[in-house]
Amino acid sequence: MAEIKVVVVDSFELARYGLREILQSHPDFNCVATLSGGKEALIFCETHQVDVILIDIALPQLDGIEITREILSHGRSEKVIGLISNHRLEYLQGMIRAGANGYLLKTAHKDEIGEAIRKVHRGEVYFCEEVQKDLAEIIRGHLHFMLVDHLPSDLTRQEKKVLKYISRDFTNKEIAQELFISPRTVETHKRNLISKLGLKDTRDLRRYSLKVAQE
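Residues numbered from 1 in each chain as written. Predicted model: local features only at pLDDT ≥ 70, side-chain atom pairs only at ≥ 80, totals over all residues. Heavy atoms only, no water.

## Observations regarding the sheet that holds strand E5 (residues 102-105)
Hydrogen bonds between backbone atoms are what pair the strands of a sheet, whose relative direction is either parallel or antiparallel.
Here comes step 1: One open sheet holds the six strands; their spatial order is E2-E1-E3-E4-E5-E6, and the pairing between them is parallel. Of all the strands in the sheet, the pair left with one neighbour each is strand E2 (29-35) and strand E6 (126-127).
Here comes step 2: Here two bridges tie E5 to E6, and the two strands are oriented parallel to one another. Bridge pairing in E6 places Tyr103 opposite Phe127.
Here comes step 3: Here helix H2 (residues 38-47) sits on the sheet in contact with strand E1 (4-9), E2 and strand E3 (52-56), set at roughly 130 degrees to E2. (Pairing = 2+ DSSP bridges. Helix = DSSP H or I, 4+ residues; strand = E, 2+ residues; numbered from the N terminus. Contact = heavy atoms within 4.5 Å. Axes fitted to C-alpha atoms, helices over the stretch in contact; angles between N-to-C directions.)

## Section: the pattern of salt bridges
Here comes step 1: Scanning all chains against the criterion turns up ten salt bridges.
Here comes step 2: For the salt bridge of Lys5 with Glu3, the shortest nitrogen-to-oxygen distance reads 3.7 Å.
Here comes step 3: Here Lys196 makes a salt bridge to Glu159, at a shortest N to O gap of 2.9 Å. Of the two residues, Lys196 sits in helix H9 (residues 183-196) while Glu159 sits in helix H7 (residues 157-167), which places them 37 residues apart along the sequence.
Here comes step 4: Judged by relative accessible area, Lys196 falls into the partly exposed class, the value being 32%.
Here comes step 5: A cluster of three or more residues bridged by salt bridges with shared partners is formed by Asp10, Asp56 and Lys106. (Salt bridge = Lys/Arg side-chain N within 4 Å of Asp/Glu carboxyl O. Buried < 20%, exposed > 50% of the residue type's maximum accessible area, 1.4 Å probe, protein only.)

## Observations regarding the pairing of E1
Here comes step 1: Across the six residues that make up E1, a large majority, five, are buried.
Here comes step 2: Direction of pairing for E1 relative to E2: parallel, over a ladder of six bridges. Pairing of Val7 across the sheet is with Ala33, part of E2.
Here comes step 3: For the crossover that starts at E1, traverses helix H1 (residues 13-24) and ends in the parallel E2, the hand is right-handed.
Here comes step 4: The pairing of E1 with E3 spans four bridges and is parallel. Bridging across to E3, Val6 finds its partner in Val52. (Right-handed = clockwise from strand over helix to strand, strands pointing away.)

## Some details on the packing of helix H3 (residues 64-72) against helix H4 (residues 89-98)
Two quantities define a packed helix pair, namely the angle between the axes and the distance from one axis to the other.
Here comes step 1: Relative orientation of the contacting elements H3 and H4 amounts to 10 degrees, with a least axis distance of 8 Å. In terms of axis orientation, H3 runs roughly parallel to H4. In contact with Gly64, Ile65, Thr68, Arg69 and Leu72 of H3, H4 contributes Glu90, Tyr91, Gly94, Met95 and Ala98.
Here comes step 2: Among the residues forming the contact of H3 with H4, the class breakdown is five nonpolar, three polar and two charged. (Parallel < 35°, antiparallel > 145°, perpendicular 65-115°, else oblique. Nonpolar A, V, L, I, M, F, W, Y, C, P; charged D, E, K, R; others polar.)

## Overview of the state of the cysteines
Here comes step 1: Applying the stated criterion to the full structure yields zero disulfides.
Here comes step 2: As a non-bridged cysteine, Cys45 has Cys31 as the owner of its nearest cysteine sulfur, 12 Å distant.
Here comes step 3: Overall, Cys45 belongs to the buried group, its relative accessible area being 4%. (Disulfide = S-S within 2.5 Å.)

Pasting the structure below:
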């Protein structure tokens, strides 16, 4: 059985030590590094072979979401599992948008951590049971929006995408990152949407996006 090379990224030394001990209890894992910050993780991944990264989402400075997005945006082969002490919906949404392969609470049992690592290493995804309800809501909201077929025909494909992200509370910067455009271009799309939909302002646009997403 080939060993799975794992990196732990957490700002708390005790957490890093505990995760290393858990990983060492699994004979098919090799904890190749325990790092305290996101910048260290980026540098390490550029110079070493890594299979799975366990990363604290609430890292100071560059958080786990930013690091995940940066690592995976270059088409790298590493798999990322986000770790969090206190789950919040925005953390889950952020990690999904960044391309993470898994999401775990730090209270997870060592067997669950092992299962998550093996699954994402095989190319699957793993989201702990505690966030399944939130995950289902995110998926349902996305599908509801995509199934809507009565949007005005003169909306461009890009404008429809911007409208979708508005319904999901993305900021201009986040929309820009998702669509690989500038925040200024996002503002232009918003103005076009307001004009084409006969709305007054961005507040009306937000209400409209939510209405469409719920239909």
